[in-house]
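# Survey of secondary and tertiary structure
Here's the letter readout for the chains.
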Amino acid sequence: MAQIDRVNTSEFCVNAPAFDTETGRAHFTYVLGDLRFEETLAFPAGFDLAAASSPAFAKLLDLAAIVLGVSYFKLAAPFRVCAPDLALTGAEKAFATDVYENGLGEFYARNNLQRFGRLSVIAPDDVGEQPAAPHLPHRALLPIGGGKDSLVSVQLLEAAGQPFTPFAVNPKGPILSSIGRIGIDPVFVERRLDPLMIELGQAPGYFNGHVPATAINSMIAALAALLFGHDTIVMSNERSASEGNVEFDGRIANHQYSKSLDFERRIGDAIAAATGGATRYFSVLRPYSEARIARMFARSRRFDDVFSSCNRNFRLAGHDGPLWCGECPKCHFVFLIFAPEMDRKRLISIFGHDLLDRPENEASFRELTGLAGQKPWECVGEILEAAASLHVLASRDEWKDDAIVAALRPELLAQYGEDRLAAAYRDLFVDSPDHLIPPELQAKVNPDAA
């Protein structure tokens, strides 16, 4: 196996991408030291040939090449990202820098790598005119992850009368079963990572860790939106995604940075500029807390037997195994916020076990509620949100005697106080005005009726 001398690997290079209109395949190549990697995206048949040949698509393809490159960059994490064949505007260079800095914030923190403010993105200046805006039908592309959030977005868009197409990259397990339950023909893209990168990620002498998956899938969605005629990309990122995990190297490292409101603005601006303003990007769930989303989901049993928010099973079994592992912080958090909104029998039937009545889960719930350690490196809600949700269960007859609820209630009261916990729980159902939802859609979205 080839080896990299990390000290002498001074830069990561992103080559010009290519799209084959005959096969529908996009090719991305990268160079790191003496290593060369190639990644492909395979789009389904039926795409618009004119769109595939447009300047807007070419610009999006260049931006996608930059964003997808983080998976290969992280093997050595040099201080320079070069793209000698990609002309980028100043705003696009700033966007790329943000992806490689904040998008990889968790990766740097967990590998103790100081990169914030030290990375350089080197590319020729794009001083040309903004690409002309293509004509796109007014319909949304809606990424489906198989979890509760995107399925609540389905409910909101259906109730608002907003046409949409389900979208997924490498769909498996609950993604497929959830889309089957939605009943609308989807757009699927096959992403093939270079197997050498996967091999090296497990080898001595190379770094590995979390990459901004939402940023990657969002850029793939932007390409698909243009190819298949959608003027809107609707994400399902809630307001708690903006809360970080730990301070490292002078910044807050956030496991969910590419789901945050700050990144939503950045990537939305980049996609809009690349398409001459023709493509909008926003999260329809941004005003809502996880608890508010759980309440919306709980109104219907439509997806009870097909959805899963368990990232651990996705990583280990490709979502081909059980829907819920019952052991990870994500399972624990989702169970916790559903508990005030669902009857006990229904919730246990979804997860298979009462996760709040297992003493071995106590350490995980302590982290989630801020009683010990740090917020887990998972897509979970705010610490105070978890604490308030657990506290409210202590007053519910069907939950108050569960091992975790009974054990943690006194400490929650001691750390936060009754008044603060009660106020925090009320605030979870007050919608935030900080979002990028277009006014015409926001006027139609009714979270109380979804």
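Up top is the structure.
First, a word on scope: everything that follows refers to the structure included in this document.

Criteria and thresholds
- Residues numbered from 1 in each chain as written.
- Predicted model: local features only at pLDDT ≥ 70, side-chain atom pairs only at ≥ 80, totals over all residues.
- Heavy atoms only, no water.
- Phe/Tyr/Trp six-rings, centres within 6.5 Å; stacked < 30°, edge-to-face > 60°.
- Helix = DSSP H or I, 4+ residues; strand = E, 2+ residues; numbered from the N terminus.
- Buried < 20%, exposed > 50% of the residue type's maximum accessible area, 1.4 Å probe, protein only.
- Lys NZ or Arg CZ within 6 Å of the ring centre and 35° of its normal.
- Polar contact = N/O pair within 3.5 Å; in protein donor to acceptor, adjacent residues only side chain to side chain.
- Axes fitted to C-alpha atoms, helices over the stretch in contact; angles between N-to-C directions.
- Parallel < 35°, antiparallel > 145°, perpendicular 65-115°, else oblique.
- Left-handed = near helix turned anticlockwise from the far one by under 90°.
- Contact = heavy atoms within 4.5 Å.
- Nonpolar A, V, L, I, M, F, W, Y, C, P; charged D, E, K, R; others polar.
- Disulfide = S-S within 2.5 Å.
- Pairing = 2+ DSSP bridges.
- Core = buried A, V, L, I, M, F, W, Y, C linked by side-chain atoms within 4.5 Å.

## Here we look at the packing of aromatic side chains
- Tallied over the full model, the rule gives 21 aromatic pairs.
- Considering the side-chain rings of F12 and F73, the 5.9 Å spacing of their centres and the 75° angle between planes classify their relative orientation as edge-to-face. Within this pair, whereas F12 is found in strand β1 (residues 11–14), its partner F73 is found in helix α3 (residues 70–73), the two being separated by 61 residues in sequence.
- In this structure F73 comes out as buried when scored by relative accessible area, which is 0%.
- One aromatic cluster is present, formed by F297, F307, W324, F335, F338, F351 and W399 through successive ring pairs.
- For R115, the ring lying beneath its charged end belongs to F79, and the centroid distance is 4.0 Å.

## Section: the side chain of R346
- Its place among the elements puts R346 in helix α14 (residues 344–351).
- According to the relative accessible area criterion, R346 is buried, its value standing at 7%.
- Only 2.7 Å separates the side chain of R346 from the side chain of D304, close enough to count as a polar contact.

## What to know about the packing of helix α2 (residues 55–68) against helix α4 (residues 90–101)
- For the pair α2 and α4, the least separation of the axes is 10 Å and the interaxial angle reads 30°. Considering the angle they form, α2 stands roughly parallel to α4. Once α2 is placed against α4, the crossing between them reads as right-handed. The segment α2 lies against α4, with K59, L63, I66 and V67 engaging E92, F95, A96, V99 and Y100.
- Looking at the contact of α2 with α4 residue by residue, the class counts come to 7 nonpolar, no polar and 2 charged.

## Thoughts on the state of the cysteines
- Inspection of the entire model under this criterion finds 1 disulfide.
- Note on cysteine connectivity: C13 is disulfide-linked to C82, with sulfurs 2.3 Å apart. Sign of the S-S torsion, about 60° for the bond between C13 and C82, identifies this disulfide as right-handed. Highlighted residues: C13 in strand β1 and C82 in strand β5 (residues 80–82), separated in sequence by 69 residues.
- Given the relative accessible area of 13%, C13 is considered buried.
- Assessed through its relative accessible area of 7%, C82 is described here as buried.

## Quick notes on the pairing of strand β4 (residues 35–42)
- In terms of residue burial, β4 counts as a mostly covered element, since 6 of its 8 residues are buried.
- Relative to β4, strand β3 (residues 25–32) runs antiparallel, the two sharing 8 bridges. Its bridge partner being in β4, R25 is matched across the sheet by A42.
- The hairpin turn running from β3 into β4, its antiparallel successor, is 2 residues long, and G33 in that turn takes a positive phi close to 65°.
- The pairing of β4 with strand β9 (residues 187–192) spans 3 bridges and is antiparallel. Bridging across to β9, A42 finds its partner in E190.

## Digging into the nonpolar core
- Counting residues in hydrophobic clusters, the biggest one holds 85 residues, and the most contacted among them are V14, F43 and Y100.
- With residues up to four places along the chain from it excluded, the contact list for F43 reads F19, T23, G24, A26, V189, I220, L223, A224, L227 and F228.

## Some words on the pairing of strand β10 (residues 232–235)
- Along β10, one buried face is formed by T232 and V234 and the opposite face, lined by I233 and M235, is buried too.
- Of the strand pairs in this sheet, strand β7 (residues 140–143) and β10 are connected by 2 bridges, and their pairing is parallel. Bridge pairing in β10 places L141 opposite I233.
- Relative to strand β13 (residues 280–283), β10 runs parallel, the two being bridged by 4 bridges. Bridging from a neighbouring strand, M235 pairs with S283 of β13.

Function cannot be read off these values alone, since they describe shape.
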